[in-house]
Amino acid sequence: MPDGLHLPIWAGRTAALLGIVLVAFTLRQAVAAISPILDAIRTDIPISNIGVGLLGTLPPILFATSGFVAPRIARGTGLDGGIVLALVLMTAGHLVRSFAPGVVVLLVGSVVAFAGTGIGNVLLPSIVRRYFPDRIALLTAVYSCIVGVSTAVPAALAAPLAEQVGWRFSLGIWSVTSVVALVPWLLVIARERRRRLADAVEPPRPARATRLWRSRAALSITAVFSTSTICTYAVFAWLPEILGDVAGSTPTEAGVLLAVTGLISVPGALVAPLLAERLRNVGG
C-alpha cells in the first residue's frame, strides 16, 4: 500500500477487522473470570492462598514467555496462523479449567489459557499493522478499548453464572468466544493461503538486540510495562478476595467492582493512541 493512501476500512478487510475485534475481546477473559468465583471453586477444590497467588503470578510470567515465543511461532506459521494457535490454546485452557478435578489440573488449564492470551497479546499489534497500515492508531484504540471490556464482562458475569449454573460452567463458557473468534481468521487463512507473512515479523538481529539492552528508552519502557503488569494482575488476583474479607462484598459485588477497573481503562485506551499519533514526543 502506498504511503498516505487511506482505503475504506471495510475494503477487502472485513474478516480481518472482525477478527481483530473478537481476539481483543478474548484477551482478558481467562484472567478476569476466575478470581470473583474462587470461593465457589474452593468448595470443590481446596486452593491455598499460595495457590491463589500463583494463579495471579501466572499471567505476567506466561505473557513474558510469550514475548520470546510468539515471534518464532509467527515466523513458522504466519501471523494469522499464530493468532489461530493462540485462540486454540485459550479455548483448550478454558475447557481444561472447567473440568479440573483438582488444583494441579486447574493450574495446567490456566497455564494453557494464559499462554494463548500472551501469544495473542504479542501478535495482535502486528496483525493491525499488516491489515490496517493506514489506520494503525484508530485500530489500536479500538482493540485497546475492547481489551478493557474483555476484563469487565467476565468479571461482572462470573459470580452470577457460578451461582446459577455452577463455577465450571462459569469458567468454561468463555471457550465459546474463543471459538467464535477463530472463524474470521480461518476465513482469512483460506483466502490468503498463498501469501506468506515472512516480512511481517523480521528475524531477530543480534546487533540490534544488543543495542536494545543499552537503550535507556527500551529499559524505561520495560520497567513501565513490568510495573504496570505486576500491579494489574495483583488486582485481578486479589481484589475480589480483599473486598470480600475487608468490605464484606458478595462475590457478585466484588466481580462488578473488578469489572469497573477494566472499564476505567477504556477512555484512556481510546484517546491515547490517537493522541500519540499527533505528538512528536509521547514521553510527557
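Here the structure is a predicted model, which is why all the values come from computation and not from measurement. (Residues numbered from 1 in each chain as written. Predicted model: local features only at pLDDT ≥ 70, side-chain atom pairs only at ≥ 80, totals over all residues. Heavy atoms only, no water.)

1. Regarding a nonpolar patch on the surface
Taken together, the side chains of Val-96, Val-103, Val-104, Val-105 and Val-108 make up a nonpolar region of the molecular surface, amounting to roughly 340 Å² of accessible area. Considering every element that reaches the nonpolar patch, the biggest residue donor is helix α5 (residues 103-131), with four residues. Tracing the sequence through the fold places Val-108 in helix α5. (Patch = residues over 30% accessible without salt bridge, like charges linked within 9 Å, V, L, I, M, F, W, Y side chains within 5 Å. Areas by Shrake-Rupley, 256 points an atom, 1.4 Å probe, with all protein chains shown as cover. Salt bridge = Lys/Arg side-chain N within 4 Å of Asp/Glu carboxyl O. Helix = DSSP H or I, 4+ residues; strand = E, 2+ residues; numbered from the N terminus.)

2. Some thoughts on the packing of aromatic side chains
Under the definition given, this model contains one aromatic pair. Taken together, a centroid distance of 6.1 Å and an interplanar angle of 55° make the contact between Tyr-131 and Trp-185 tilted. With Tyr-131 in helix α5 and Trp-185 in helix α8 (residues 174-191), the pair connects residues that are 54 residues apart, well separated along the chain. In this structure, Tyr-131 and Trp-185 share a single accessibility class: buried. Of note, Arg-130 hangs over the ring of Tyr-131, and the distance from its end group to the ring centre comes to 4.7 Å. (Phe/Tyr/Trp six-rings, centres within 6.5 Å; stacked < 30°, edge-to-face > 60°. Buried < 20%, exposed > 50% of the residue type's maximum accessible area, 1.4 Å probe, protein only. Lys NZ or Arg CZ within 6 Å of the ring centre and 35° of its normal.)

3. Some points on the nonpolar core
Counting residues in hydrophobic clusters, the biggest one holds 33 residues, and the most contacted among them are Ile-37, Ile-41 and Leu-171. Among the elements of the structure, α2 (29-32), α3 (38-42), α4 (49-98), α5, α6 (136-165), α7 (167-172), α10 (216-247) and α11 (251-276) are those that each provide at least two residues to this core. With sequence-adjacent residues up to four places away left out, Leu-171 is seen in contact with Ala-33, Ile-34, Ile-37, Ile-41, His-94, Arg-97, Ser-98 and Leu-106. Leu-79, Leu-87, Ala-181 and Trp-185 belong to the second-largest nonpolar core, a separate cluster that totals 31 residues. (Core = buried A, V, L, I, M, F, W, Y, C linked by side-chain atoms within 4.5 Å. Contact = heavy atoms within 4.5 Å.)

4. Some details on the packing of helix α1 (residues 14-26) against α8
Between α1 and α8, whose axes approach to 8 Å, the crossing angle comes to 155°. On the basis of the axis angle, α1 is roughly antiparallel to α8. Judged by the twist between their axes, the crossing of α1 over α8 is left-handed. From α1, Ala-15, Ala-16, Leu-18, Gly-19, Ile-20, Leu-22, Val-23, Phe-25 and Thr-26 reach across to α8, where they touch Thr-177, Ser-178, Val-180, Ala-181, Pro-184, Trp-185 and Val-188. (Axes fitted to C-alpha atoms, helices over the stretch in contact; angles between N-to-C directions. Parallel < 35°, antiparallel > 145°, perpendicular 65-115°, else oblique. Left-handed = near helix turned anticlockwise from the far one by under 90°.)

5. Let's talk about the side chain of Thr-151
By the element assignment, Thr-151 lies in helix α6. For Thr-151, the contacting residues outside a window of four places in its chain are Arg-28, Ala-32, Phe-236 and Gly-262.

6. Considering the side chain of Arg-28
Along the chain, Arg-28 turns up in the loop between α1 and α2. We note that Arg-28 is buried and unpaired, the nearest opposite charge coming from Asp-80 at a distance of 19 Å. Setting aside anything within four residues of it in sequence, one finds Arg-28 in contact with Thr-117, Asn-121, Val-147, Ser-150, Thr-151, Tyr-233 and Phe-236. (Lys, Arg positive; Asp, Glu negative; His and termini not counted.)

7. Side note on the confidence of the model for the protein
Mean pLDDT over the protein works out to 83, with 87% of the residues at or above the 70 mark. Here helix α9 (residues 206-213) is the element of the protein with the lowest mean pLDDT, 52, and α7 is the one with the highest, 95. Below a pLDDT of 50 lies the segment residues 196-210, which in the model reaches 13 contacts outside its immediate sequence neighbourhood of four places, other chains included. (pLDDT = per-residue confidence, 0-100.)

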